[in-house]
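Coordinate inspection notes
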Amino acid sequence: SEFERSDLSGKLVHHILLHACPVTGKRGLAEEMEPETGTETLYAPEALGTCAVSGARVTPDKLARSEISGSPCHPQYLKRCEVSGVLSLPDELRVCTETGHRVDLRLLTTCAVCGELALRTVLRASPVSGQLFQERCGVACELTGDLCLPEEIAVSAVSARKVRRDRLVASEWSKRL
């Protein structure tokens, strides 16, 4: 018969108007098919994947996956974390303000003082609160030498030294630390 049904829409059309998908073998009208980005070869829409970076629609064999999110992407767009080595989408990486390395966002922590992102491994934990901060943001206790968050340090009214607040005792007479 000269008329056949489209596998995609079920429309009965002249067989010469049907295009076969190279992946699925399904046949459909040109307007039911989707052109692959770059080649313009027609495919059944379900035979193509979308690159998470460029939005290009291509066959799955032309896509790789982010090791972080699993999102499909043209291999040329994948970036390697400079610490863990995992392949990821560009927006899954951030710059560590301490090292300058582009790293997996999951490896970064926000500095409790300045709010910048840095690798957990280069941050210091406050001996008072345990909060993580960049060394350059800390203040040294002149009594213990401990590096603390600025709000954990106070100036002693007696010695005028910068001391950890938890080491100061309020004067009964003046109520000052």
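To start, this report covers the structure provided alongside it. (Residues numbered from 1 in each chain as written. Predicted model: local features only at pLDDT ≥ 70, side-chain atom pairs only at ≥ 80, totals over all residues. Heavy atoms only, no water.)

A separate point is unusual backbone geometry. In most cases, non-glycine residues show a negative phi, while peptide bonds are predominantly trans. Phi angles above zero are rare outside glycine, and E40 is one such case at about 65°. With respect to the helices and strands, E40 occurs in the loop between strand 5 (34-35) and strand 6 (42-43). Assessed through its relative accessible area of 53%, E40 is described here as exposed. The backbone of A160 shows a phi angle near 65°, a positive value even though the residue is not glycine. Checked against the element boundaries, A160 lands in the loop between strand 21 (153-155) and strand 22 (162-164). (Helix = DSSP H or I, 4+ residues; strand = E, 2+ residues; numbered from the N terminus. Buried < 20%, exposed > 50% of the residue type's maximum accessible area, 1.4 Å probe, protein only.)

Turning our eyes to something else, we now look at the side chain of S88. Among the secondary structure elements, S88 is positioned in strand 12 (residues 87-88). Those residues within four positions of S88 in sequence are excluded, and the remaining contacts are S66, I68, Y77, L78, K79 and L93. (Contact = heavy atoms within 4.5 Å.)

Now for the pattern of salt bridges. Applying the stated criterion to the full structure yields 10 salt bridges. For D166, the salt bridge is made with R164, and the minimal N-O distance between the two is 2.6 Å. According to the relative accessible area criterion, D166 is partly exposed, its value standing at 45%. Salt bridges sharing partners connect three or more residues here, namely E98, E116 and R136. (Salt bridge = Lys/Arg side-chain N within 4 Å of Asp/Glu carboxyl O.)

Quick look at the environment of V13 now. Relative to the helices and strands, V13 is located in strand 2 (residues 12-14). Classification of V13 by relative accessible area gives buried; the value is 11%. In this view, V13 contacts E2, F3, E4, L18 and L29; residues no more than four positions away in its chain are not counted.

Further remarks concern the side chain of S66. In this structure, S66 sits in the loop between strand 9 (64-65) and strand 10 (72-73). Setting aside chain neighbours within four positions, we find S66 in contact with S71, L78, L87, S88, L89 and E92.

In this structure, C81, V86, L93, C96, V103, L108, A118, L119 and L123 together form the largest nonpolar core, which totals nine residues. With near-sequence residues (within four places) excluded, L108 lies in contact with R94, C96, V103, L117, A118, L119 and R120. Listed in part, the seven residues of the second largest apolar core include C51, V58, L78 and L89. (Core = buried A, V, L, I, M, F, W, Y, C linked by side-chain atoms within 4.5 Å.)

These figures capture arrangement, not role.
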